[in-house]
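Fold and contact review
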Amino acid sequence: MAKQNKVTYYKDLSPEEERELNLWLRFLLESVENACTQITRWKRNRNGWDLQMFFVAVGCIDEAIVGLGNLGFFAGAEPEFWDVLDKFRRGCTELKLIDLRNNIHRDRLYNRKNKRRRALPEGPIFILGGYNLTTDEYTFSTITINVSDAFALVQTLRSDIGKIFRKKLTKFYKTQEYEKGMIPWTLLHSFETSR
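In this text the structure is predicted, and so the values were computed from the model without any measurement. (Residues numbered from 1 in each chain as written. Predicted model: local features only at pLDDT ≥ 70, side-chain atom pairs only at ≥ 80, totals over all residues. Heavy atoms only, no water.)

Attention now moves to unusual backbone geometry. Comment: phi is negative for the bulk of residues other than glycine, and the bulk of peptide bonds are trans. At Arg46, a residue that is not glycine, the phi angle is positive and equals roughly 55°. In this fold, Arg46 is placed in the loop between helix 1 (15–45) and helix 2 (48–70). Here Lys96, not a glycine, exhibits a phi torsion of approximately 65°, which is positive. One can find Lys96 in the loop between helix 4 (79–95) and helix 5 (97–104). (Helix = DSSP H or I, 4+ residues; strand = E, 2+ residues; numbered from the N terminus.)

Within this structure, the stated rule accounts for six salt bridges. Its salt-bridge partner being Asp50, residue Arg41 comes within 3.3 Å of it at the nearest N-O pair. Judged by its relative accessible area of 35%, Arg41 falls in the partly exposed class. Taking relative accessible area as the criterion, Asp50 reaches 1% and is therefore assigned buried. With a closest N to O distance of 3.3 Å, Asp160 and Lys87 form a salt bridge. Residue Asp160 is found in helix 7 (residues 147–175), and its partner Lys87 is found in helix 4; the two are separated by 73 residues along the sequence. (Salt bridge = Lys/Arg side-chain N within 4 Å of Asp/Glu carboxyl O. Buried < 20%, exposed > 50% of the residue type's maximum accessible area, 1.4 Å probe, protein only.)

With that out of the way, let us pick up the environment of Leu188. With respect to the secondary-structure elements, Leu188 resides in helix 8 (residues 185–193). Each C-alpha atom, one on Leu188 and one on Phe165, is 5.9 Å from the other, the two residues being 23 residues apart in sequence. In this structure Leu188 touches Phe165, Lys168, Leu169, Tyr178 and Ile183, once residues within four positions along its chain are discounted. (Contact = heavy atoms within 4.5 Å.)

One open sheet accounts for three strands, arranged 1-2-3; its pairing is antiparallel. Each end of this open sheet is capped by a strand with a single partner; those strands are strand 1 (129–132) and strand 3 (143–146). Adjacent strand axes in the sheet meet at a mean angle of 20° when their direction is disregarded. Of the strand pairs in this sheet, strand 2 (residues 137–140) and strand 3 are connected by four bridges, and their pairing is antiparallel. (Pairing = 2+ DSSP bridges. Axes fitted to C-alpha atoms, helices over the stretch in contact; angles between N-to-C directions.)

Bringing the packing of helix 4 against helix 7 into the picture now. Interhelical geometry of helix 4 versus helix 7 gives an angle of 180° and a closest axis separation of 10 Å. With respect to their mutual orientation, helix 4 and helix 7 come out roughly antiparallel. Of the residues in helix 7, those touching helix 4 at Glu80, Phe81, Val84, Leu85, Lys87, Phe88, Gly91, Cys92 and Leu95 are Asp149, Ala150, Leu153, Val154, Thr156, Leu157, Asp160, Ile161, Ile164, Phe165 and Lys167. Partitioned by chemical class, the residues of the contact of helix 4 with helix 7 number 13 nonpolar, two polar and five charged. (Parallel < 35°, antiparallel > 145°, perpendicular 65-115°, else oblique. Nonpolar A, V, L, I, M, F, W, Y, C, P; charged D, E, K, R; others polar.)

Once that is clear, we can look at helix 7. Here helix 7 spans 42 Å end to end across 29 residues, near enough to the 42 Å set by a 1.5 Å rise per residue. Two or three places before Ser148, at the opening of helix 7, Asn146 has a side-chain oxygen 3.0 Å from that residue's backbone nitrogen. Gln176, located one to two residues past helix 7, shows a positive phi value of around 60°. (Expected span 1.5 Å × (residues − 1). Polar contact = N/O pair within 3.5 Å; in protein donor to acceptor, adjacent residues only side chain to side chain.)

Here strand 3 shows a clear split, with Ile143 and Ile145 buried on one side and none of Thr144 and Asn146 buried on the other. What sits between strand 2 and strand 3 in their antiparallel hairpin is a turn of two residues, with Ser141 showing a positive phi close to 60°.

Okay, the packing of aromatic side chains next. A complete count under the given rule lists 10 aromatic pairs for this structure. Measuring from centroid to centroid gives 5.4 Å for Phe54 and Phe55, while their planes differ by 65°, and the two rings are edge-to-face. Of the two residues examined, Phe54 and Phe55, each falls in the buried class. Ring centres 5.0 Å apart and planes at 40° place the aromatic pair Phe55 and Tyr138 in the tilted group. Here Phe55 is found in helix 2, whereas its partner Tyr138 is found in strand 2, with 83 residues between them in sequence. For Phe55, a relative accessible area of 5% gives the class buried. Three or more aromatic residues joined by ring pairs make a cluster, and in this case those are Phe54, Phe55, Tyr138 and Phe151. (Phe/Tyr/Trp six-rings, centres within 6.5 Å; stacked < 30°, edge-to-face > 60°.)

Given below as structure tokens:
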């Protein structure tokens, strides 16, 4: 039985696989941009809603990384890109950002019980967290997160992805040949030039 070669170029994928790859990559990059927008808004207004939306965006980034990892053809491709994503996920684990996302989730809130062990009635989501200005920490339930560290983690991810994309674009402009890879050219170009 002949061994199949690993696909390393997105154009060699089936139309369905290419579409799925594009959707996950777009979701990742839009979630990163959304998180950076929330950082800017938080620094300008100090509105708690922006901070909570930042944590939701971080959860979306993590979900997109998991989605990309589930694509068998993409998991081994673009090792430099994966190193950046793995570094981000390790940082999320250290800062307990994923635990926070899981605790904030609406279904978890609805499963809470009162003192008599009766389920709380469904209703609007209560904001059970708060920001401490003196320590620059956000506390939700038993989880405390340093906000500046969380912001730095996302900004580093944004910067590192930008460096990878910029390097690929620079190489293209010098050689006039696109390095075949799993990141589509249009996505590569639009993310890098949107900065």
